[in-house]
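# Coordinate analysis (summary)
Chain by chain, the residues:
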Amino acid sequence: MSRSQFSRIWHVAVGELQNSIRTRKALVVLALYLVFSVSSMIGTISLFSKLEGEVANLLQLPKAEQVGSMSQQLWESPVFLRMVRSSVKDPTVFEYIRGYHPVVLAYAWFALFLAPLLAVLSAGGRVSDELRTKSARFALSRVSRTEWTLGKFCGQMLQNAIALVVSILAVWAVCMIMLKAHVAWELFASMCEWGVKVWIYSFAWLGIASGISHMTESPSRAVCFGILAIALFAALPPLLQLSADAFSLPWLVNFSQLSPNSVKDMLWRGGTMTYLVGTVHFFALGCFYLAVGHSVMKRKDI
C-alpha cells in the first residue's frame, strides 16, 4: 500500500467518524452502551454487597466495611477455587482468571456480551445509508471503492475504541463511588486491559456488520441482518459439533472457525502469543466478511 493510498483511507476513516457524530447516531448508540455498562456494573456491585451481607448474617459475622472484600476472600479460598476449576475445566483459563477481582471478571463478561451489539448498532447501517442516498458517489469520485471500504472499516474501529474508552471511565467512576478508592484504582488497569481485548474482539463483528451493510441499501435491514448474524454465529459452533458427532463428520467442526465465538476463549487465556493469535484471527475474520460485502458492492451501479 502506497503512502497516498494510506492517506486517502485515513481521510475516509476520519470522515466516517465525523459523520457518525454529526448525525448523532453514534452518540445515541454510545449513550445506550453506557447505560447498559453502568447499569450492569451497579447491579454487579449491588449483588456482591447483598451476597456479602447474607453470608455475614449466616455466619453471624460483622458485615465488611468494604464491598467486594469478602467476595475477593471467597474467590481466593481453596474450596471455592476447586469449584471454579471443576466448572471451567480448562486449566489455562482457570489460572488466568483467578488473578482478577470478581468485579473485573463481571465487567469483562458484560463487555464481551455487548460487543457484537455495539458493532451492529454502530456500523450496521452506515454504508447502506450512503448507498441508499447516493451520497457515496461524492467520496467514490476521489477514492477507489476498496479505499472507501477500508476507510469506513477503520473509522468504525475508531468509533468503537472511543465508545470503549468512555465506557471504561464511566464504569470505573461507578467503582470509585461504590467501592473504596484504592480498590477502584487497583481495578482500573485490569479494566483497561479487558477494554483492549473487547476492542480486538469487535474487529470481527465490525467486519460482519459492515459487510452486511455493503450488500443492501436499507439501513434497517442491514441492522436486522446483523442481529440475526449474532444469533447465527452464537449457535454455529455447537450445531456443527452436534452434526459432526451425529453424522461422524469431524471435518464439519472446522467451519466453526468462521464464527468469532469459536475463538473467544483465547481472550480468557494469558500469554503474548495467545493474544497475538487471537488478534490476527479476529482481524482476519473481520476482513473476510468485509471483503465478501465489498465484492457484492463492487457489482452495483452507485
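On a predicted model such as this, the values are computed, not experimentally measured, just so you know.

Each helix and strand in the protein chain was counted, giving twelve helices and zero strands. Each helix and strand of the protein chain, ordered N terminal to C terminal, gives the series α-α-α-α-α-α-α-α-α-α-α-α. Here the C-alpha coordinates of the protein chain stretch approximately 75 × 50 × 35 Å along the principal axes. Relative to its 302 residues, the protein chain shows a buried fraction of 47%.

Moving on to the packing of helix α9 (residues 145–178) against helix α12 (residues 272–298). It is at 11 Å that the axes of α9 and α12 come closest, and there the two elements cross at 140°. In this view, α9 runs oblique relative to α12, as classed from their interaxial angle. In the crossing of α9 with α12, the sense of the turn from one axis to the other is right-handed. Between α9, through R145, T146, W148, T149, L150 and F153, and α12, the contact on the second element is made entirely by F283, L290, H294, M297 and K298. Its residues assigned to classes, the contact of α9 with α12 shows six nonpolar, three polar and two charged.

Take the environment of W185 next. Among the structural elements, W185 can be located in helix α10 (residues 181–215). Residue classification places W185 among the exposed residues on the basis of a relative accessible area of 52%. Between the C-alpha atoms of W185 and C175, which are ten residues apart in sequence, the distance is 8.8 Å. Other than its neighbours up to four places away in sequence, W185 contacts W172 and M176.

Time to look at helix α1 (residues 3–22). An ideal rise of 1.5 Å per residue puts 28 Å on 20 residues; α1 measures up with 28 Å between its terminal C-alpha atoms. All of the buried residues along α1 are I9, V12, A13, G15, E16, L17 and S20. R24 occupies a position one or two residues after α1 and carries a positive phi of about 70°.

Glancing now at the packing of aromatic side chains. Enumeration according to the criterion identifies 16 aromatic pairs in this entry. Relative to F113, the ring of W109 has its centre 5.5 Å away and its plane inclined at 5°; by these criteria the two rings are stacked. Taken as a pair, W109 and F113 lie in helix α6 (residues 102–123) at a separation of four residues, close to a single helical turn. Pairwise contacts between aromatic rings join Y201, W205, F233, F282, F288 and Y289 into one cluster. Over the ring of W194 we find K197, and its NZ or CZ is 4.1 Å from the ring centre.

Tallying each qualifying case throughout the model produces eight salt bridges. Here D129 ties to R132 by a salt bridge, and the two come within 2.6 Å at their closest N and O atoms. Here R132 and D129 lie together in helix α7 (residues 126–133), a separation of three residues that amounts to about one turn. Judged by its relative accessible area of 46%, R132 is partly exposed. Here K197 ties to E193 by a salt bridge, and the two come within 3.8 Å at their closest N and O atoms. Of this pair, K197 and E193 both sit in helix α10, four residues apart, roughly one helical turn. What makes K197 buried here is its relative accessible area of 4%.

Summarising the element assignment, L81 is placed in helix α4 (residues 78–88). Judged by relative accessible area, L81 falls into the buried class, the value being 9%. Linking L81 and G270, residues 189 residues apart in sequence, is a C-alpha distance of 18 Å.

Further remarks concern the side chain of S259. With respect to the helices and strands, the residue S259 is situated in the loop between α11 (219–247) and α12. Under the relative-accessibility criterion, S259 is labelled buried at 0%. Setting aside residues up to four positions removed in sequence, S259 forms contacts with F233, L236, P237 and L285.

Rules and cut-offs
Residues numbered from 1 in each chain as written. Predicted model: local features only at pLDDT ≥ 70, side-chain atom pairs only at ≥ 80, totals over all residues. Heavy atoms only, no water. Helix = DSSP H or I, 4+ residues; strand = E, 2+ residues; numbered from the N terminus. Buried < 20%, exposed > 50% of the residue type's maximum accessible area, 1.4 Å probe, protein only. Axes fitted to C-alpha atoms, helices over the stretch in contact; angles between N-to-C directions. Parallel < 35°, antiparallel > 145°, perpendicular 65-115°, else oblique. Left-handed = near helix turned anticlockwise from the far one by under 90°. Contact = heavy atoms within 4.5 Å. Nonpolar A, V, L, I, M, F, W, Y, C, P; charged D, E, K, R; others polar. Expected span 1.5 Å × (residues − 1). Phe/Tyr/Trp six-rings, centres within 6.5 Å; stacked < 30°, edge-to-face > 60°. Lys NZ or Arg CZ within 6 Å of the ring centre and 35° of its normal. Salt bridge = Lys/Arg side-chain N within 4 Å of Asp/Glu carboxyl O.

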